[in-house]
Amino acid sequence: MLLTNHTLTGVLIGLTIDDLAVLAPVGVASHLALDMVPHFGHPSMKSTLRAKPFIVLGSFDFTVSCMVTIAACLAMPQRAIHILVGVVAADLPDLTYIPIIVFGQKLIYRIPGYRAMIGFLGRIQWFERPIGLITEYLWAALMLILLSSRLG
């Protein structure tokens, strides 16, 4: 699932749950659940995290996610901490790929448990295909409708 969709979900969770101790694990759980849904991707992307097309798409997606987070915090400043916790938790599993992208697998996989964690995150994403963009659009639309009703 694109990071932006995880971010939108994290914003909604942050606007909904008051207890930060509950909010964080729900955010991570939302990420794992969304990654199990068929979504956009290409089978070759998993093995080419450092390839230019992946870096370009990932950079754009990360930038949009940051803009969504900032906009949500500005729209609901009284919930900014909850929004930030929701977004960071909902995005966290994808953010664990950043060290691999920056430093490469050889170095990062020396960290105990890292390879197993990345393997798990890859295995739950059983269907990543270009057609999954439909799911991405539908989820984004649903999140935007729900968010607009919360902010409205």
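Scroll up to find the structure this text is about.
Residues numbered from 1 in each chain as written. Predicted model: local features only at pLDDT ≥ 70, side-chain atom pairs only at ≥ 80, totals over all residues. Heavy atoms only, no water.

Draft legend 1. Region of the structure containing the overall build of the protein chain. Counting its regular elements, the protein chain contains eight helices and zero strands. Helices and strands in the protein chain line up, N terminus first, as α-α-α-α-α-α-α-α. Against the globule reference of 15 Å for 152 residues, the protein chain gives a C-alpha radius of gyration of 15 Å, in line with a compact fold. By its C-alpha atoms, the protein chain is 45 × 35 × 25 Å across when sized along the principal axes. Relative to its full complement of 152 residues, the protein chain shows a buried share of 39%. Pairs at least 24 residues apart make up 81% of the contacts formed inside the protein chain by residues separated by at least 6 positions. (Helix = DSSP H or I, 4+ residues; strand = E, 2+ residues; numbered from the N terminus. Rg over C-alpha atoms; globule rule 2.2 N^0.38 Å. Buried < 20%, exposed > 50% of the residue type's maximum accessible area, 1.4 Å probe, protein only. Contact = heavy atoms within 4.5 Å.)

Draft legend 2. Up close: the packing of helix α2 (residues 20-35) against helix α4 (residues 80-95). Axis separation between α2 and α4 bottoms out at 8 Å; the angle between their running directions is 35 degrees. The handedness of the crossing between α2 and α4 is right-handed. Facing α2, whose interface residues are Leu-20, Leu-23, Ala-24, Gly-27, Val-28, Ser-30, His-31, Leu-32 and Asp-35, α4 presents Ile-81, His-82, Val-85, Gly-86, Ala-89, Ala-90, Asp-91, Pro-93 and Asp-94. Split by residue class, the contact of α2 with α4 holds 10 nonpolar, five polar and three charged. (Axes fitted to C-alpha atoms, helices over the stretch in contact; angles between N-to-C directions. Left-handed = near helix turned anticlockwise from the far one by under 90°. Nonpolar A, V, L, I, M, F, W, Y, C, P; charged D, E, K, R; others polar.)

Draft legend 3. Expanded view of the nonpolar core. Counting residues in each nonpolar core, the largest one holds 13 residues, and the members touching the most others are Leu-8, Val-11, Leu-15, Ile-83 and Leu-147. The leading source of residues in this core is helix α1 (residues 3-16), at four residues. With residues near it in sequence (within four places) discarded, Ile-83 still touches Gly-10, Val-11, Gly-14, Leu-15, Ala-72, Cys-73 and Met-76. Formed by eight residues, the second largest nonpolar core is a distinct cluster that contains Tyr-97, Ile-100, Tyr-114 and Leu-121. (Core = buried A, V, L, I, M, F, W, Y, C linked by side-chain atoms within 4.5 Å.)

Draft legend 4. Spatial organisation of the packing of aromatic side chains. Enumeration over the complete set of coordinates arrives at one aromatic pair. The ring of Phe-127 has Arg-129 lying over it, and the distance from NZ or CZ to the ring centre is 5.2 Å. (Phe/Tyr/Trp six-rings, centres within 6.5 Å; stacked < 30°, edge-to-face > 60°. Lys NZ or Arg CZ within 6 Å of the ring centre and 35° of its normal.)

Draft legend 5. Representation of the pattern of salt bridges. Summed over all chains, the structure comprises one salt bridge. For the salt bridge of Asp-18 with Arg-79, the shortest nitrogen-to-oxygen distance reads 2.6 Å. You can see Asp-18 sitting in the loop between α1 and α2 and its partner Arg-79 sitting in the loop between α3 (52-75) and α4, a full 61 residues away along the chain. With relative accessibility at 14%, the residue Arg-79 sits in the buried group. (Salt bridge = Lys/Arg side-chain N within 4 Å of Asp/Glu carboxyl O.)

Draft legend 6. Structural detail: helix α7 (residues 114-123). All buried positions along α7 are accounted for by Tyr-114, Ile-118, Leu-121 and Gly-122. Projected down its long axis, α7 shows its buried positions confined to an angular sector of 100 degrees, all on one face. Turned more than 90 degrees away from the buried face of α7, the exposed residues are Ala-116 and Arg-123. On the buried face of α7, the contacting elements are α2, α4, α5 (98-103) and α6 (105-108). (Arc of directions from axis to C-beta.)

Draft legend 7. Spotlight on the layout of surface pockets. When its volume is computed, the largest pocket comes out at roughly 700 Å³. Lining the largest pocket are 29 residues; nearest its centre among them are Leu-49, Phe-54, Asp-94, Tyr-97 and Ile-101. Looking at which element gives the most residues to the lining of the largest pocket, the answer is α3, with seven residues. In terms of residue class, the lining of the largest pocket is made up of 16 nonpolar, eight polar and five charged. Its boundaries defined by the atoms lining it, the second largest pocket holds a volume of some 250 Å³. Lining the second largest pocket we find 13 residues, and of these Leu-2, Thr-4, Asn-5, Asp-61 and Tyr-137 sit closest to its centre. Within the residue set of the lining of the second largest pocket, elements represented by two or more residues are α1, α3 and α8 (133-151). In terms of residue class, the lining of the second largest pocket is made up of nine nonpolar, two polar and two charged. (1 Å grid on protein atoms, 1.4 Å probe; cavity = no way out; pocket = protein on both sides within 12 Å on 5 of 7 lines; lining within 4 Å. Points joined across faces, edges and corners; volume = space filled by probe spheres on them.)

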